[in-house]
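# What the coordinates show
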Amino acid sequence: MIRIFFLIGISFLFQDHSKKKTEFTTLVYPPDRHAPIHKATSVHLFAMMAVIGRTDVTPNDPQGLAVTRLSATDKPEDRNDDDDLTAYGLNSGQNNIIYNISMEGLDVYDGKTPKQRLNHPMGITCTTDGAVYIADTENHRIVKLINSSGHLSFVNSFGKKGSKEGQFNNPTGIACDLTGRLYIADRENDRIQITDSTGKILSVIGEKSDSNFTKLFKPASISLIDPSDTYNYYHTGFIIVTDLNDSRIQKFSLDGKFLGGIQPGEYGFEKVKLTSSAIDFYGNIWVTDAHNHTIHKFTKDLIYITSFGTPGQGEREFLEPRSIAIWKRFGQVFIADKASAQYYHIGTDILNFKISQVDTSIHFDFFLTETSKVTAKILDENNQFVASLVWNKIHDLGQQTLVWNRYGSENPEFFSYFKKMRALKNQDSTVVTYPQLPSGLYKIVVEAKTTYVYNRYFTKKIEIEFTF
């Protein structure tokens with residue numbers, strides 16, 4: 001018979017681990033020395049706008065968000081130059097774009113002439129070479145800007161109000177692939193138009209269909225992952241569209257073939273307002289939900305993983321999240337809600353931990369919210385090591401089971417270099433095992449960290465005592 005006593009929490013490296021508390025860690029804040037401000041509010045914006053004399057710029061209906069690493073300043077060989085990203089945020093109520101010109105400074109684009117000005121823009125996408133495309137919603141067109149020397153300037157626009165190919169009626173979402181093709185959510189025309197960078201129509205998704213699921217109805221946001229992207233683990237491409245009055249998620253191939261869909265009842269929500277989506281390195285899909293003030297995470301196959309965040313304006317809370325953007329290389333996540341802009345890293349969480357005895361073995365079942373490097377060990381009642389179940393091994397996200405046969409083993413942490421070399425020489429990698437341990441009080445310690453480079457700052461750790 002199993003008895004369980006639990007001690008569960010998280011551990012941040014370089015902090016006092018003795019003060020533990022339960023936190024949901026699907027997303028985690030970066031360390032302070034990396035990003036002193038992880039939640040920017042109107043107060044932060046006012047202070048930064050004052051520096052450039054633009055205190056007239058205030059948060060007003062924030063919408064689309066896009067992020068990139070400009071190739072003109074990228075130095076991939078320099079580990080100290082790995083996170084100098086440029087982020088663009090649509091401040092739709094004031095018809096402008098707020099963006100950073102450095103890690104410390106901001107600037108604003110609002111157009112110098114009537115032709116250059118935006119009208120309640122909803123969607124934005126960008127490229128590493130400095131091109132920025134905006135779904136200029138109430139002007140029913142697509143606007144192209146260029147970021148040159150850190151400042152945005154108008155290039156051109158295409159489209160006008162209408163229902164013919166190349167025309168738009170309230171375009172709200174936009175994404176681009178690495179070849180320069182644009183995927184535009186043409187909301188009131190119930191379709192996705194795919195164009196080249198000049199606006200030439202290449203194809204259309206959503207017009208002729210016998211299926212209620214593949215026919216689009218008021219598509220609002222769109223995101224994609226390119227199969228040729230260096231930071232695409234599976235090297236498959238697809239697009240994600242939210243539609244049906246912001247309640248449904250649909251997945252298509254890049255050439256428009258329907259691949260799947262999901263509605264809120266299938267992942268436990270009665271009502272949602274899905275405002276944007278983003279796709280990470282592993283193809284996982286993240287969707288903002290303004291109605292429930294949360295972020296939903298799905299696998300690349302649209303299997304629900306978890307939701308992160310609760311309503312409010314505090315830490316790890318959201319107020320009508322509007323947009324999300326992810327820099328795939330390092331798992332950096334940017335979220336804009338009604339009142340703030342927040343910065344996270346993709347973390348991992350250990351959920352639904354259960355212990356059971358099957359015959360003479362002990363089974364440990366749990367759910368990982370992210371592909372993770374997992375270490376698990378058994379300690380005795382004196383907190384002394386007795387067995388290793390797994391050591392720094394990559395596990396895919398989802399349901400996990402570890403089995404302890406109640407035998408002791410050698411601790412890999414202290415497995416000396418010489419023993420390793422001898423085992424390799426003898427082609428014997430078997431860990432030394434010891435006699436089966438008697439019944440009593442034990443503790444399992446499970447640690448998980450992501451596969452992203454910033455995992456050195458974060459480890460999710462749970463400790464649960466049990467008897468058998």
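Rules of the game
- Residues numbered from 1 in each chain as written.
- Predicted model: local features only at pLDDT ≥ 70, side-chain atom pairs only at ≥ 80, totals over all residues.
- Heavy atoms only, no water.
- Helix = DSSP H or I, 4+ residues; strand = E, 2+ residues; numbered from the N terminus.
- Buried < 20%, exposed > 50% of the residue type's maximum accessible area, 1.4 Å probe, protein only.
- Areas by Shrake-Rupley, 256 points an atom, 1.4 Å probe, with all protein chains shown as cover.
- pLDDT = per-residue confidence, 0-100.
- Contact = heavy atoms within 4.5 Å.
- Pairing = 2+ DSSP bridges.
- Axes fitted to C-alpha atoms, helices over the stretch in contact; angles between N-to-C directions.
- Salt bridge = Lys/Arg side-chain N within 4 Å of Asp/Glu carboxyl O.
- 1 Å grid on protein atoms, 1.4 Å probe; cavity = no way out; pocket = protein on both sides within 12 Å on 5 of 7 lines; lining within 4 Å.
- Points joined across faces, edges and corners; volume = space filled by probe spheres on them.
- Nonpolar A, V, L, I, M, F, W, Y, C, P; charged D, E, K, R; others polar.
- Phe/Tyr/Trp six-rings, centres within 6.5 Å; stacked < 30°, edge-to-face > 60°.
- Lys NZ or Arg CZ within 6 Å of the ring centre and 35° of its normal.
- Core = buried A, V, L, I, M, F, W, Y, C linked by side-chain atoms within 4.5 Å.
- Disulfide = S-S within 2.5 Å.

### Focus on the overall build of the chain
Looking only at helices and strands, the chain has 2 helices and 37 strands in total. Relative to its full complement of 468 residues, the chain shows a buried share of 53%. Surface exposure of the chain reaches about 21900 Å², of which carbon and sulfur atoms provide 50%.

### Quick look at the confidence of the model for the chain
With 87% of its residues at a pLDDT of 70 or more, the chain has an overall mean of 89. Throughout residues 5–21 the model reports pLDDT below 50, and contacts reaching past four residues in sequence, or to other chains, amount to 43 contacts.

### Topic: the sheet that holds strand S14 (residues 191–195)
One open sheet holds the 4 strands; their spatial order is S12-S13-S14-S15, and the pairing between them is antiparallel. Since the sheet does not close on itself, it has two edges, and those belong to strand S12 (171–176) and strand S15 (201–205), each with one partner. Each neighbouring strand pair of the sheet contributes to a mean axis angle of 20 degrees, computed without reference to strand direction. Bridging between strand S13 (residues 182–186) and S14 involves 5 bridges; their strand directions are antiparallel. For alanine 185, the partnering residue across the bridge sits in S14 and is isoleucine 192.

### Some remarks on the pattern of salt bridges
In total, this model carries 17 salt bridges according to the counting rule given. Where lysine 297 meets glutamate 370, a salt bridge forms, and the shortest distance between an N and an O atom there is 2.6 Å. Separated by 73 residues along the polypeptide, lysine 297 in strand S22 (residues 294–298) and glutamate 370 in the loop between strand S30 (361–368) and strand S31 (372–380) bring together distant segments of the chain. One salt bridge in this structure joins glutamate 463 and lysine 461, with 3.3 Å as the shortest N-O distance. The residues glutamate 463 and lysine 461 share a single accessibility class, namely buried.

### Quick notes on the environment of leucine 389
When you line up the elements, leucine 389 lands in strand S32 (residues 385–395). Taking the C-alpha atoms as reference, leucine 389 lies 7.5 Å from threonine 375; in sequence the two are 14 residues apart.

### Quick notes on empty space enclosed by the protein
With the rule as written, the count across this model stands at 1 cavity of 30 Å³ or more. In this structure, the largest cavity encloses a volume near 80 Å³. Taken together, 15 residues make up the lining of the largest cavity; nearest its centre are Val28, His345, Ile346, Tyr454 and Phe458. Of the residues contributing to the lining of the largest cavity, the split by class is 10 nonpolar, 5 polar and no charged.

### Some details on the packing of aromatic side chains
By the definition in use, this model includes 28 aromatic pairs. Ring centres of phenylalanine 308 and tyrosine 344 lie 5.7 Å apart, and the angle between their planes is 85 degrees; on these two criteria the pair is classed as edge-to-face. A residue pair is termed long-range when its members are at least 10 positions apart, and phenylalanine 308 in strand S23 (residues 304–308) and tyrosine 344 in strand S28 (residues 341–346) qualify at 36 residues. Note on accessibility: phenylalanine 308 and tyrosine 344 belong to one class, buried. Between tyrosine 442 and phenylalanine 468, the ring centres sit 5.3 Å apart and the planes meet at 10 degrees, which makes this aromatic pair stacked. One end of the pair, tyrosine 442, is in strand S36 (residues 441–450); the other, phenylalanine 468, is in the segment after strand S37 (458–467), and 26 residues separate them in sequence. For the residue pair tyrosine 442 and phenylalanine 468, the accessibility class agrees, reading buried in each case. Three or more aromatic residues joined by ring pairs form one cluster here, namely Phe353, Phe364, Phe366, Trp404, Tyr442, Phe466 and Phe468. Lying across the ring of phenylalanine 217, lysine 218 places its NZ or CZ 5.5 Å from the centre.

### Brief notes about the sheet that holds strand S16 (residues 221–225)
With antiparallel pairing, 4 strands are arranged side by side in an open sheet as S16-S17-S18-S19. In this open sheet, the two strands that pair with only one neighbour each are S16 and strand S19 (258–262). Averaged over all adjacent pairs, the angle separating strand axes in this sheet is 20 degrees, with direction ignored. Judged from the 4 bridges that link them, strand S18 (residues 248–252) and S19 form a sheet pairing that is antiparallel. In the strand pairing of S19, lysine 251 is matched with glycine 260.

### A look at the environment of phenylalanine 269
Along the polypeptide, phenylalanine 269 turns up in the loop between S19 and strand S20 (274–279). For the pair phenylalanine 269 and asparagine 292, spaced 23 residues apart in sequence, the C-alpha to C-alpha distance is 8.9 Å. Each residue touching phenylalanine 269, except ones within four places of it in the same chain, is listed here: Pro264, Asn292, His296, Tyr304 and Ser307.

### Some remarks on the nonpolar core
Counting residues in each nonpolar core, the largest one holds 24 residues, and the members touching the most others are Phe353, Phe364, Ile378, Trp404, Ile444, Val446 and Phe466. Elements supplying a minimum of two residues to this core: strand S29 (350–358), S30, S31, S32, strand S33 (398–404), S36 and S37. Apart from the residues lying within four places of it in its own chain, the contact partners of tryptophan 404 are Ser361, Ile362, Phe364, Ile378, Ala387, Leu389, Leu437, Tyr442, Phe466 and Phe468.

### Some remarks on the pairing of S32
In this sheet, S32 lies alongside S31 in antiparallel orientation, the contact comprising 7 bridges. From the neighbouring strand, alanine 376 faces S32, where its bridge partner is valine 390. With antiparallel pairing between neighbouring strands as the criterion, S31 and S32 make up a hairpin whose turn holds 4 residues, including asparagine 383 at a positive phi of roughly 60 degrees.

### Re the state of the cysteines
The tally for this structure, following the rule as stated, stands at 0 disulfides. Summary of cysteine pairing: cysteine 126 is not part of a disulfide, and the nearest cysteine sulfur, belonging to cysteine 176, is at 6.9 Å. The exposure class assigned to cysteine 176 is buried, which follows from its relative accessible area of 13%.

### Some remarks on unusual backbone geometry
The backbone phi angle of leucine 302 is positive, close to 60 degrees, even though this residue is not glycine. Along the chain, the position of leucine 302 falls in the loop between S22 and S23. Residue classification places leucine 302 among the buried positions, given a relative accessible area of 8%.

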